[in-house]
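# Commentary on secondary and tertiary structure
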Amino acid sequence: MPGFDLASSRAAIALAEAHPGLIDAAVGVHPHYAADPSAEAWHELSILATHPRVVAVGEIGLDFHRNLAPRAAQLQALERQLAIAASAGKPVLVHDRDAHAEVRQALGDWPGPSDRPLRGVLHCFSGDDQLALDLAAAGYLISFALPVTFSSARGPRSAAAALPAGTFLVETHSPWLAPGGAGARNVPTTALRVAAEVARLRGVTPKEVAVSARASYARLVGP
């Protein structure tokens, strides 16, 4: 469960503590809120990132589609949180919407945690196959949500077919992107729908996709 600001990051840790083995926590500031944290909030976030129930720093990244925070603030927040993740030795959960070049550059410049084989996840991937392959080669997992089932999502669909085994995840993106559109409830079975479509695109069974994704997640958050 990722945080999107300081309060939700604290809540994610509380849920992970209450449900060990079921919920993992991530802490971070979403790009929509990049301009909000004070110096004290950033300091607390850096401490939360070292909590034993925290497996990643996120959701962080860039959103140049809605631009709810100034772009300069988003870039600064991303750089700050990549540093927090590196210091804590944690992978990152990255949001990228209409900011592919900037995200590629930021992640390319980041050394990543030295003690982990994977650097993080590009969640709800919206780029093309070349971006996915480049990021996978650099040590990132590519995570697909419901849009990969849309015929209009040519980039993610091409990426889902092209990626090597062991380099992707599937997700619900709850509470958003539910089957049925705006206002519909997103539930865990959405991930099954995503897995089935990724399997179809790859020419394998849904079980193969599920097993691969589970193993990839275990490698991401494992010791």
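Each remark here, short or long, concerns the structure printed above.
Let me begin by describing the structure that accompanies this report. (Residues numbered from 1 in each chain as written. Predicted model: local features only at pLDDT ≥ 70, side-chain atom pairs only at ≥ 80, totals over all residues. Heavy atoms only, no water.)

The final tally for this structure, using the stated rule, is 5 salt bridges. Where arginine 104 meets aspartate 134, a salt bridge forms, and the shortest distance between an N and an O atom there is 2.6 Å. Linking arginine 104 in helix α4 (residues 100-109) with aspartate 134 in helix α5 (residues 129-137), this pair joins segments that are 30 residues apart in sequence. Residue arginine 104 is classed as partly exposed on the basis of its relative accessible area of 35%. (Salt bridge = Lys/Arg side-chain N within 4 Å of Asp/Glu carboxyl O. Helix = DSSP H or I, 4+ residues; strand = E, 2+ residues; numbered from the N terminus. Buried < 20%, exposed > 50% of the residue type's maximum accessible area, 1.4 Å probe, protein only.)

Hydrogen bonding along the main chain pairs the strands of a sheet, whether they run parallel or antiparallel. Across the sheet, which stays open at both edges, the 6 strands sit in the order β1-β2-β3-β4-β5-β6 with parallel pairing between neighbours. The open sheet has two edge strands, β1 (25-27) and β6 (168-170), and neither has a second partner. Strand-to-strand twist across the sheet, computed as the mean angle between neighbouring axes with direction ignored, equals 30°. Pairing geometry for β1 and strand β2 (residues 54-63), over 3 bridges, is parallel. Of the residues in β2, the one forming a bridge with valine 27 is valine 57. Packing of helix α3 (residues 71-88) onto the sheet brings it into contact with β2 and β3 (92-97), and relative to β2 it is tilted by some 160°. With respect to the sheet, α5 is in contact with β3, β4 (120-122) and β5 (140-144), its orientation differing from that of β5 by roughly 140°. (Pairing = 2+ DSSP bridges. Axes fitted to C-alpha atoms, helices over the stretch in contact; angles between N-to-C directions. Contact = heavy atoms within 4.5 Å.)

All buried positions along α4 are accounted for by Val103, Ala106 and Leu107. Relative to the axis of α4, the buried residues are bounded by an arc of 95° and lie together on one face. In α4, the exposed residues that point more than 90 degrees away from the buried face are Ala101, Gln105, Gly108 and Asp109. Packing partners of the buried residues in α4 comprise β2, α3, β3, β4, α5 and β5. (Arc of directions from axis to C-beta.)

Ranked by size, the top nonpolar core spans 50 residues in total, and within it Val92, Leu122 and Phe144 carry the most contacts. Residue contributions to this core peak at 5 residues, all from α3. With sequence-adjacent residues up to four places away left out, valine 92 is seen in contact with Val57, Ile60, Leu82, Ala85, Trp110, Arg119, Gly120, Val121 and Tyr140. Ala26, Ala56, Val121 and Ala213 belong to the second-largest nonpolar core, a separate cluster that totals 11 residues. (Core = buried A, V, L, I, M, F, W, Y, C linked by side-chain atoms within 4.5 Å.)

For α3, with 18 residues, the first-to-last C-alpha span of 26 Å sits near the 26 Å given by 1.5 Å per residue. Inspection of α3 places Ala73, Gln74, Ala77, Leu78, Gln81, Leu82, Ile84 and Ala85 among the buried residues, and these make up the whole buried set. An end-on view of α3 places all buried positions within 165° of arc, on one side of the element. More than 90 degrees from the buried face of α3, the exposed residues found are Gln76, Glu79 and Ser87. Considering only its buried residues, α3 is in contact with α2 (39-48), β2, β3 and α4. (Expected span 1.5 Å × (residues − 1).)

Attention shifts here to the side chain of serine 143. Here serine 143 shows up in strand β5. Non-local contacts of serine 143, meaning those with residues more than four positions away in its chain, are made with Val121, Leu122, His123, Cys124, Phe125, Leu169, Val170 and Glu171.

Next up on the list: unusual backbone geometry. A cis amide bond, omega 20°, links glycine 58 with the succeeding residue glutamate 59. In this fold, glutamate 59 is placed in strand β2. Omega for the bond connecting serine 174 with proline 175 falls within 30 degrees of zero, at 10°, which places this linkage in the cis form. Structurally, proline 175 can be placed in the loop between β6 and α7 (190-202). The phi dihedral of aspartate 98 is positive, around 55°, even though this residue is not glycine. When you line up the elements, aspartate 98 lands in the loop between β3 and α4. The exposure class of aspartate 98 is partly exposed, given its relative accessible area of 48%.

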